[in-house]
Protein chains: 2
Amino acid sequence: MPKIVMKFGGTSVADLDRIRNVARLVKKQRDAGDEVAVVVSAMSGTTNHLVKLCNDLNPLHDTAEYDAVVATGEQVTTGLLAIALQSLGTPARSWQGWQIPILSDDAHGKARVDQIDGQKLLAAMARGETPIIAGFQGVTADGRVTTLGRGGSDLSAVAIAAAIKADRCDIYTDVDGIYTTDPRVVPRARKLEKISFEEMLELASVGAKVLQTRSVEMAMKHGVRIQVLSSFADKPGSLVVGEDEIVEKLVVSGVAYSVDDAKVTLRRVADRPGVAAILFGRLAEAHVNVDMIVQNLGADGTTDMTFTVGRGDLAQARVALEDVREALGYQEVLTDPAVAKISVVGIGMRSHAGVAARMFKALSERNINIQVISTSEIKVSVLVAAEYKELAVRALHSCFGLDGDEPPAVGEGQ
Amino acid sequence: MPKIVMKFGGTSVADLDRIRNVARLVKKQRDAGDEVAVVVSAMSGTTNHLVKLCNDLNPLHDTAEYDAVVATGEQVTTGLLAIALQSLGTPARSWQGWQIPILSDDAHGKARVDQIDGQKLLAAMARGETPIIAGFQGVTADGRVTTLGRGGSDLSAVAIAAAIKADRCDIYTDVDGIYTTDPRVVPRARKLEKISFEEMLELASVGAKVLQTRSVEMAMKHGVRIQVLSSFADKPGSLVVGEDEIVEKLVVSGVAYSVDDAKVTLRRVADRPGVAAILFGRLAEAHVNVDMIVQNLGADGTTDMTFTVGRGDLAQARVALEDVREALGYQEVLTDPAVAKISVVGIGMRSHAGVAARMFKALSERNINIQVISTSEIKVSVLVAAEYKELAVRALHSCFGLDGDEPPAVGEGQ
């Protein structure tokens, strides 16, 4: 019998009507002949309310007690969904992290799952009882409740799916799948039927936030097939799977953008060995994440160095750069937060040359100036002025043949 | 070092300001040199909200899942109070029923505590950390969460006090102690300094609902000294203790009343052996609780039987009486819900005769007709017409010397 994990986020269980709707979806999956385990988030709004109580008492609260408070949100949903399922005649039982157990480390508020014992869940499923599991939480070896950090319910679902060797992990959310790009920018964006873990990771890391990066990493590590679909629309979603399952490997399967970066240029840095080591070593010490890097050779023994940092880290970066001004002997620091990073991603790139060249041509035809370039095995990213973001995304979406036949009906993506 | 259990009800932790106030009370107790364990209820309103969610989904919900949902209310309070205490520099840690564990049977929604392991709590207290324990909940031997039924947090507190051999269990509530009678009826009611378990049980069972009967029974069984006091007034409350601690044993320590009963009279019942067995046997089968019973001998081979039942059971009682009409051959059934039961309670009664006589005289002087009388070792109860309730209570309160010097200031009792 196929084993399916179904995961429902906060908006899917926001009120009793939606919980009843989720119960019907679960019953339908069972009636189709599958063994089902369910992972749920807190009803939307609940977690924020509980977090606010802790913060109002003390912004520097103990994270272990924060976890004890916040984990109750998911517990409430598990009990309510179990009641809703039982009311449809479907045996169900709630499971908290400590009851399974989902063992985690003790990094309260952002714990990592160490180990999940699937035996009790499998026994329940074998006797026809659907486990309703609290997402976002675990328990330490010495019995304290932990939470896995924001978005942790996806991670819970994938980890549970790995532990019970599920055939698929269905992540129900308020979008109906993964798109070739943001439909708000490109109305002709198409829903992808399948995408590889690697592509999903590259897309997530540049701003397509359907799935949390950590849960995709875990799915890839354990070979858990994920489906992203809507709990409000009765149709298949998008599958995230291993490359071996993807027959037609697209050269470019998606176009992503991010406006979370800022560009930093050091003018006239002394061009001698060790300069880059000092510069990026100091930035790393200051916990500033550096992404794209480019260096232009100068003629007079100096060079210009350009790189991007997270926009929120810009102030931190300026302080760090001041610390090494003497050592590097640069002339001035220029910063520009008004930049957008545009990326094309596709596993077909590995066997196709010329993707970067096609990309640059498409952008130059629209007179979009490329400020920085970076490439990986399955991704090419460029930094452009922020005002060109939409134009660049649309140009690349067309150029790589991703446009659908016509725009989807308004609201269909919700 | 003295060990104190402090228990705070829902109104004492109703919002963050009150939780901060409770933290200050706990810190003060610790600063006085005591080892402290704290038991808390859910923030007032929370439990009702959670119960409503379960009922709205399905009025016939699974009680095990009801418990999983409802137990989260206390869990939130434990975490928040731990944070509030830590913010005052007082080490504290939340404890749920399953973490201690508080083992209960599996009668979900109204479970009974089987056993509490006090070792982890004692170890925490020994290292200077105050345990903040979720009241109202336990866990079954196979790891499912239970709740102990309404008012169960008092029971939790007394059971915890017994398990850790506490010197006293302080029950903080919204009244400042136990009174000789209801101050709303008798403004000159006095707060009792000490009262015995037995007296408290008799008073609770006739409507003075400061402490739940089950928690007083457990305190008596394990010799746990209880103090009832207000979390809003900084003064000592009333002690509930064993008789051996009470030097001056009052003949009457309190006057209680109840308007929860209805009177039933069977006219002209055949006066032969076995009649009472049939009558009260049938009522017991119908789960109708019978309290006071009186039988008047008739002259013609018949008799009138009068008894009281819970007012809510009256309809049920009528059906049961119809079932045995033929067997008993009674002429008619008269019922009267407009009655009040007035009781005087005191352990001094054991060694003092004449309490009933003084009581009847005081009532007759006010022309109050006594309908039924029942007595126990430390209690005399009479049934009177409901309209005489206040007059009777005031007459008895005066007659047994319970009146205070003058009425307390308005609102002092809150």
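For the structure itself, look to the data block above.
Not measured: the values here are computed from a predicted model. (Residues numbered from 1 in each chain as written. Chains lettered and ligands numbered in written order. Predicted model: local features only at pLDDT ≥ 70, side-chain atom pairs only at ≥ 80, totals over all residues.)

J.: Mind showing me how you'd approach the pairing of strand E3 (residues 92-95) of chain A here?
T.: Residues and elements named next belong to chain A. Residues Ala92 and Ser94 point to one face of E3 and Arg93 and Trp95 to the other, with burial holding for every one of them. Note that E3 and strand E6 (residues 130-134) share 4 bridges and pair parallel. If you follow Trp95 over to E6, its bridge partner there is Ile133. (Buried ≥ 20, exposed ≤ 12 C-beta atoms within 10 Å, placed from the backbone. Helix = DSSP H or I, 4+ residues; strand = E, 2+ residues; numbered from the N terminus. Pairing = 2+ DSSP bridges.)

J.: Explanation requested: the packing of helix H2 (residues 46-57) of chain A against helix H3 (residues 63-70) of chain A in the structure shown.
T.: For any two helices packed against each other, one specifies the inter-axial angle together with the distance between the axes. Residues and elements named next belong to chain A. Viewed as axis vectors pointing N to C, H2 and H3 meet at an angle of 145°, and their least axial separation amounts to 9 Å. Regarding H2 and H3, the two cross each other, and that crossing is right-handed. Contacts from Thr47, Leu50, Val51, Leu53 and Cys54 of H2 reach H3 at Tyr66, Val69 and Val70. When its residues are assigned to classes, the contact of H2 with H3 shows 7 nonpolar, 1 polar and no charged. (Axes fitted to C-alpha atoms, helices over the stretch in contact; angles between N-to-C directions. Left-handed = near helix turned anticlockwise from the far one by under 90°. Contact = placed C-beta atoms within 7 Å. Nonpolar A, V, L, I, M, F, W, Y, C, P; charged D, E, K, R; others polar.)

J.: What is the right way to look at the sheet that holds strand E19 (residues 372-376) of chain B in this model?
T.: Whether parallel or antiparallel, the strands of a sheet pair through hydrogen bonds between backbone atoms. Residues and elements named next belong to chain B. Read across the sheet, 4 strands follow the order E13-E18-E20-E19 without closing on themselves; strand pairing throughout is antiparallel. Each having just a single partner strand, strand E13 (254-258) and E19 make up the two edges of the open sheet. Averaged over all adjacent pairs, the angle separating strand axes in this sheet is 20°, with direction ignored.

J.: Help me understand the interface of chain B and chain A in this model?
T.: The parts lose accessible area when they come together, and the size of an interface is often stated as this lost area. Counting residues at the interface gives 27 residues for chain B and 27 residues for chain A. Within the residue set of the side of chain B that touches chain A, elements represented by two or more residues are helix H2 (46-57), helix H3 (63-70) and helix H4 (72-87) of chain B. Tallying contributions element by element places H4(B) first for the side of chain B that touches chain A, with 11 residues. Counted by class, the side of chain B that touches chain A contains 13 nonpolar, 11 polar and 3 charged residues.

J.: Any chance you could explain the sheet that holds strand E1 (residues 3-8) of chain B here in plain terms?
T.: Residues and elements named next belong to chain B. What the 8 strands build is an open sheet, ordered E3-E6-E2-E1-E9-E11-E12-E10; its pairing is mixed. The sheet is open, and its two edges are formed by strand E3 (92-95) and strand E10 (194-196), each paired on a single side. Ignoring strand direction, the axes of neighbouring strands in this sheet form an average angle of 20°. Bridging between strand E11 (residues 226-230) and strand E12 (residues 238-241) involves 3 bridges; their strand directions are antiparallel.

J.: Explain the relation of the copies chain B and chain A here, please?
T.: Least-squares fitting of chain B to chain A yields an RMSD of 0.1 Å, with the superposition described by an axial translation of 0.0 Å and a rotation of 180°. The transformation just described matches what one would write down for a two-fold rotation axis. Across chain B, the smallest distance between a C-alpha and the rotation axis is recorded for Thr72(B), namely 2.7 Å. (Least-squares fit on C-alpha atoms with pLDDT ≥ 70 in both.)

J.: Please clarify how the nonpolar core should be interpreted in this entry.
T.: Considering soluble globular proteins, one finds that nonpolar side chains tend to be buried as a cluster. Formed by 256 residues in total, the largest nonpolar core has its most connected members in Leu81(A), Val158(A), Leu81(B) and Val158(B). The residue makeup of this core includes at least three contributed by each of domain 1 (3-174) and domain 2 (244-407) of chain B. Sequence-distant contacts of Leu81(A), defined by excluding residues within four places in its chain, comprise Val13(A), Ile19(A), Val22(A), Ala23(A), Val38(A), Val40(A) and Ile132(A). (Core = buried A, V, L, I, M, F, W, Y, C linked by C-beta atoms within 7 Å. Domains from an automatic or database assignment.)

J.: Teacher, can you tell me more about the packing of helix H12 (residues 355-365) of chain A against helix H13 (residues 389-399) of chain A here?
T.: All names here are of chain A. The interhelical angle for the contact between H12 and H13, taken along N-to-C directions, is 130°, at an axis separation of 9 Å. Viewed along their axes, H12 and H13 adopt a mutual orientation that is oblique. In this structure, H12 crosses over H13, and the sense of that crossing is right-handed. Contact residues: Arg358, Met359, Ala362 and Leu363 in H12; Ala392, Ala395, Leu396 and Cys399 in H13. Of the residues assigned to the contact of H12 with H13, the class counts are 7 nonpolar, no polar and 1 charged. (Parallel < 35°, antiparallel > 145°, perpendicular 65-115°, else oblique.)

J.: Got a minute to help me understand unusual backbone geometry in this structure?
T.: Trans is the common state for peptide bonds, and a negative phi is the common state for residues other than glycine. With an omega of -15°, the peptide bond running from Ile100(A) to Pro101(A) counts as cis. Position of Pro101(A) relative to the elements: it lies in the loop between E3 and strand E4 (102-104). Backbone geometry at His287(A) places phi at a positive 60°, although glycine is not the residue there. Residue position: His287(A) is located in the loop between helix H9 (275-285) and strand E15 (290-297). In this model, Arg268(B) sits at a positive phi of 55°, which is unusual for a non-glycine residue. On the neighbour-count criterion, Arg268(B) (17 C-beta atoms within 10 Å) is partly exposed.

J.: Please clarify how the environment of Ala317(A) should be interpreted in this entry.
T.: Residues and elements named next belong to chain A. When you line up the elements, Ala317 lands in helix H10 (residues 314-323). Sequence-wise, Ala317 and Ala392 are 75 residues apart; in three dimensions their C-alpha atoms are separated by 28 Å. In this structure, Ala317 is in contact with Val264, Leu283, Val288 and Val309, ignoring residues within four places of it in sequence.

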